[in-house]
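Listed here are the chains, written in short residue letters.
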Amino acid sequence: MITRQVTASESGKRLHRYLRTLMPNLPLGQIYKMIDLGKVRVNGKRKKQNYELSAGDELTIFMDEEAFAAASPKGTKERKFTGVNANIDVVYEDDELLVVNKPVGELTHPDRTEQRNTLVGRVHAYLYRKGELDSRLFSPAPANRLDRNTSGLVLVGKTAGMLHQLNRWIQRREIGKYYITVAEGIMAGSGTIAGSLLRDASNNRTLVVRDGGHARRGIGEGAEEKEAETRYRVLSAKGGYSLVEVELISGRTHQIRAHFQSIGHPLSGDVKYGGKPIGRLNHQLLHAWRIALPDGRTFHAPPPPLFREVLDKTGLKLP
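Reading the values: the criteria
- Residues numbered from 1 in each chain as written.
- Predicted model: local features only at pLDDT ≥ 70, side-chain atom pairs only at ≥ 80, totals over all residues.
- Heavy atoms only, no water.
- Axes fitted to C-alpha atoms, helices over the stretch in contact; angles between N-to-C directions.
- Helix = DSSP H or I, 4+ residues; strand = E, 2+ residues; numbered from the N terminus.
- Parallel < 35°, antiparallel > 145°, perpendicular 65-115°, else oblique.
- Left-handed = near helix turned anticlockwise from the far one by under 90°.
- Contact = heavy atoms within 4.5 Å.
- Nonpolar A, V, L, I, M, F, W, Y, C, P; charged D, E, K, R; others polar.
- Salt bridge = Lys/Arg side-chain N within 4 Å of Asp/Glu carboxyl O.
- Buried < 20%, exposed > 50% of the residue type's maximum accessible area, 1.4 Å probe, protein only.
- Polar contact = N/O pair within 3.5 Å; in protein donor to acceptor, adjacent residues only side chain to side chain.
- Pairing = 2+ DSSP bridges.
- Core = buried A, V, L, I, M, F, W, Y, C linked by side-chain atoms within 4.5 Å.
- Arc of directions from axis to C-beta.
- Expected span 1.5 Å × (residues − 1).

A.B. asks: Teacher, can you tell me more about the packing of helix H1 (residues 15-22) against helix H2 (residues 28-36) here?
C.D. replies: Between two packed helices, both the angle of their axes relative to each other and the distance between the axes serve to describe the pair. Closest axis-to-axis distance for the H1/H2 pair is 10 Å, and the angle between their directions is 125 degrees. One element, H1, and the other, H2, form an angle in the oblique class. As for the relative orientation of H1 and H2, their crossing is right-handed in sense. Of the residues in H2, those touching H1 at Leu15, His16, Leu19 and Arg20 are Leu28, Ile31, Tyr32 and Ile35. Taken together, the residues that form the contact of H1 with H2 break down as six nonpolar, one polar and one charged.

A.B. asks: Even after reading the chapter, I still don't get the pattern of salt bridges, so can you show me in this structure?
C.D. replies: Where charged atoms from two side chains of opposite charge come close, those side chains can pair. Going through the model one piece at a time under the given rule, you end up with 15 salt bridges. Close ionic contact of Arg231 with Glu229 constitutes a salt bridge, the shortest N to O distance being 3.5 Å. Judged by its relative accessible area of 26%, Glu229 falls in the partly exposed class. In this structure, Glu245 engages Arg290 in a salt bridge whose closest nitrogen and oxygen atoms are separated by 3.6 Å. In this pair, Glu245 is assigned in strand E14 (residues 241-248) and Arg290 in strand E15 (residues 286-292), connecting sequence segments 45 residues apart. Residues joined in a network through salt bridges with shared partners are Glu93, Lys130, Glu132 and Lys158.

A.B. asks: How should the environment of Thr108 be read in this particular structure?
C.D. replies: When you line up the elements, Thr108 lands in the loop between strand E6 (97-102) and helix H4 (119-129). When the C-alpha atoms of Thr108 and Arg145 are compared, they prove to be 6.2 Å apart, with 37 residues separating the residues in sequence. Side-chain polar atoms of Thr108 contact the backbone oxygen of Leu146, separated by 2.9 Å.

A.B. asks: Before we go on, may I ask you to explain the sheet that holds strand E1 (residues 2-5) in this structure?
C.D. replies: One key point about sheets: their strands pair by backbone hydrogen bonds, in either a parallel or an antiparallel sense. Spatially, the four strands line up as an open sheet ordered E1-E4-E2-E3, and their pairing is antiparallel. Strands with a single pairing partner mark the edges of an open sheet, and in this sheet they are E1 and strand E3 (45-46). When strand E2 (residues 40-42) meets E3, the two strands line up antiparallel, connected through two bridges. Note that in E3 the partner of Arg41 across the bridge is Arg46. Where H1 meets the sheet, it contacts E1, E2 and strand E4 (58-61), and its direction lies at approximately 65 degrees from that of E4.

A.B. asks: Can you help me understand the nonpolar core in this one?
C.D. replies: The tendency in soluble globular proteins is for nonpolar side chains to be buried as a group. Tyr179, Val244, Ile256 and Phe260 are the most contacted members of the largest nonpolar core, which has 29 residues in total. Val40, Leu53, Ile61 and Phe68 belong to the second largest nonpolar core, which has 20 residues in total.

A.B. asks: Just to check I follow, could you spell out unusual backbone geometry for this structure?
C.D. replies: Most peptide bonds take the trans configuration, and most residues that are not glycine carry a negative phi. A positive phi is found at Asn43, a non-glycine position, where the angle reads about 55 degrees. Mapped onto the elements of the fold, Asn43 is located in the loop between E2 and E3.

A.B. asks: Just to check I follow, could you spell out helix H7 (residues 305-314) for this structure?
C.D. replies: Every α-helix winds through 3.6 residues per turn, so residues three or four apart in the chain are directed the same way. Turning to H7, its buried residues number three or more, namely Leu306, Phe307, Val310, Leu311 and Thr314. The arc that holds the buried residues of H7, viewed along the axis, is 145 degrees, so those residues lie on one side. Along H7, the residues that are exposed and aim more than 90 degrees away from the buried face are Pro305, Asp312 and Lys313. Residues of H7 that are buried sit in contact with strand E9 (176-184), strand E13 (229-238), E14 and E15.

A.B. asks: Just checking my understanding: could you explain the pairing of strand E11 (residues 196-200) for this structure?
C.D. replies: Along any regular strand the residues' side chains alternate between the sheet's two faces. Pairing between E11 and strand E12 (residues 205-209): five bridges, direction antiparallel. From the neighbouring strand, Ser196 faces E12, where its bridge partner is Val209. In this structure, the hairpin formed by E11 and E12 is closed by a connection of four residues, where Asn204 is found at a positive phi of approximately 50 degrees.

A.B. asks: Looking at this structure, how should I read helix H5 (residues 160-171)?
C.D. replies: A rise of 1.5 Å per residue sets the reference length of H5, with its 12 residues, at 16 Å; its end C-alpha atoms lie 16 Å apart and thus fit the reference within 8%. Turning to H5, the residues buried within the fold contact E6, strand E7 (141-142) and strand E8 (151-157). Phi for Arg173, located one or two positions after H5, is positive at around 60 degrees.

A.B. asks: Any chance you could explain the pairing of E9 here in plain terms?
C.D. replies: With respect to burial, E9 is a largely interior element, nine of its nine residues being buried. Burial along E9 is two-sided: the residues Gly176, Tyr178, Ile180, Val182 and Glu184 and Lys177, Tyr179, Thr181 and Ala183 are all buried. Where E9 lies against E15, six bridges are found, and the strand directions are antiparallel. What sits directly across from Lys177, in E15, is Ile291. Of the strand pairs in this sheet, E9 and E14 are connected by eight bridges, and their pairing is antiparallel.

So, in structure tokens, the structure goes:
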């Protein structure tokens, strides 16, 4: 018989997912069978596969130590995060939620070019050094993702329950996500850009589909068009540039960049989508500066120095 107590960081994790992480060498079908046969109990009671665990719940698994050891990872070592920068710009933090201001040039998640020094890696190093990364069964993770050269607010679920809640809010489009950018050309007032998007994975570009479709030459036949809606409000305009606040209604890859190009106002510096460099800016000028949660909490992040440099060069001013 094996017993485990659910920690605060694991709270909100589904029973079958918890067991799958605890015993990855065990087939998922066997885990389901154990739950169905009552060989797994929560606080002494049988539960369904999708039961949501809470901090303090005690799991009892009816299997011998040898079988459990065979089902569990071999040689698990404590993570030291050697060489990972633990300095992050914390906007807000409580026991379940961490909100950070991501800098320009940093990946949110690891990819083939960088595995360790990413926002996720630095968040883990930060929490580890605070003594809050205490379980191999759940790793805090971002609920929203920003491109490498987009700065601003990222929501991190420190517990499984909070991460699930953030993901539910995002899926239901209940989180207000607001960006600021400098677009080329003079714009006025407010409006909505609607146009389905098509990803060209071979060139890492997003195409806007309008009025009868878009040429699919060079794009795989399996590529799926996805509806997208972007709202904007012009904050100021001067000298051929406009400072714009953008609200993402849907959240597609490169959505803002593709939508603004489609209306003839590419983002400053966004060479890939038709923008021109300004000074040392040679990538999209885009900053996630405000997030509003449906529970009433709102978070703000001031724009980074490079953004302010562009404002100085163009004469645009934040309200």
